[in-house]
Amino acid sequence: MAHNVTEGDAGYIQEIWGVHIIPFMYLGAKHMVTGYDHILFLLGVVFFLYKMKHVAIYVSIFAVGHSVTMLAGVYFGWNVNPYIIDALIGLSVVYKALDNLGAYQRWFGFQPDTKSATLIFGLIHGIGLATKIQDYEIARDGLIPNLLAFNVGVEIGQLLALAVILIVMGYWRKTHSFWKHAYTANVVMMSMGFVLMGYQITGYFVTT
């Protein structure tokens, strides 16, 4: 149910042909803003990033990853089971929360490359977006401009969500409770990732 395609949106897209830049930008932004799984991962990525330069680098890596597989997935019609890909997106939230908790250094004695992990999970998130977009059954006429507009909308939605996250985090970091509750916040984030995984895995077995 994460950023699910509403009947109204799907019906509108199925009825139009040709290039419609603004509607697809709107749908892309709405898709990202209501996509709590993507927002959770984004929160995990920026949780301990204090400099805007670092935020920009990681968010750009994530954006490149999900843009590539989203555009390619829709254009080439990659048929990926949505339950599996959404379970992997839940896993990305778990992975990042554990990374923030320093689990890999304690368990394995080394720190995985965070930029590579962000790119890999960005690619996975993009496939998830592609599976949702294909639910719209977009007409081939004007497909490329419409997809690019949708992707621009996704990036706008991501920036809006990121702005809210950074504002809230900025205020929270100034309080004495930040370091006191940072561990708990990441544990909660990890738990939500596991819930998302469990929900999607259950859905897979129930529907197959």
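### Some words on the pattern of salt bridges
Going through the model one piece at a time under the given rule, you end up with one salt bridge. Residue Asp 99 pairs with Lys 96 through a salt bridge whose shortest N-O separation is 2.9 Å. Of the two residues, Asp 99 and Lys 96 are both situated in helix α5 (residues 82-100); the distance of three residues between them amounts to about one turn of the helix. Each of the two residues, Asp 99 as well as Lys 96, counts as buried.

### A closer look at the packing of helix α3 (residues 36-46) against α5
It is the contact of α3 with α5, at a shortest axis distance of 9 Å, that shows an interaxial angle of 20 degrees. Our classification of the angle between α3 and α5 gives roughly parallel. The way α3 lies across α5 gives a crossing that is left-handed. Where α3 approaches α5, its residues Asp 37, His 38, Leu 40, Phe 41, Gly 44 and Val 45 are matched on the opposing element by Ile 89, Ser 92, Val 93, Lys 96 and Asn 100. Broken down by class, the residue content of the contact of α3 with α5 amounts to five nonpolar, four polar and two charged.

### Brief notes about the confidence of the model for the chain
For the chain, per-residue confidence averages 87 on the pLDDT scale, and 92% of positions sit at 70 or higher. Confidence, read as mean pLDDT per element, is least for helix α1 (residues 7-15) in the chain (64) and greatest for α5 (94).

### Notes on the packing of aromatic side chains
Geometrically, a pair of aromatic rings is defined through the distance of the ring centres and the angle of the planes. All told, the structure shown has 16 aromatic pairs when counted by the stated rule. Judged by centre distance (4.9 Å) and plane angle (75 degrees), the ring pair of Phe 47 and Phe 48 falls under edge-to-face. Ring plane angle 25 degrees and centroid distance 5.7 Å describe the contact between Phe 47 and Phe 178, whose orientation is recorded as stacked. You can see Phe 47 sitting in the loop between α3 and α4 (52-75) and its partner Phe 178 sitting in helix α9 (residues 177-207), a full 131 residues away along the chain. One exposure class covers both Phe 47 and Phe 178, and it is buried. Taken together, the ring pairs in this structure connect Phe 41, Phe 62, Tyr 95, Tyr 104, Trp 107, Phe 108, Phe 110 and Phe 121 into an aromatic cluster. If you follow Lys 174 out to its NZ or CZ, it ends over the ring of Tyr 171, 5.8 Å from the centre.

What counts, and where the lines are drawn
- Residues numbered from 1 in each chain as written.
- Predicted model: local features only at pLDDT ≥ 70, side-chain atom pairs only at ≥ 80, totals over all residues.
- Heavy atoms only, no water.
- Salt bridge = Lys/Arg side-chain N within 4 Å of Asp/Glu carboxyl O.
- Helix = DSSP H or I, 4+ residues; strand = E, 2+ residues; numbered from the N terminus.
- Buried < 20%, exposed > 50% of the residue type's maximum accessible area, 1.4 Å probe, protein only.
- Axes fitted to C-alpha atoms, helices over the stretch in contact; angles between N-to-C directions.
- Parallel < 35°, antiparallel > 145°, perpendicular 65-115°, else oblique.
- Left-handed = near helix turned anticlockwise from the far one by under 90°.
- Contact = heavy atoms within 4.5 Å.
- Nonpolar A, V, L, I, M, F, W, Y, C, P; charged D, E, K, R; others polar.
- pLDDT = per-residue confidence, 0-100.
- Phe/Tyr/Trp six-rings, centres within 6.5 Å; stacked < 30°, edge-to-face > 60°.
- Lys NZ or Arg CZ within 6 Å of the ring centre and 35° of its normal.

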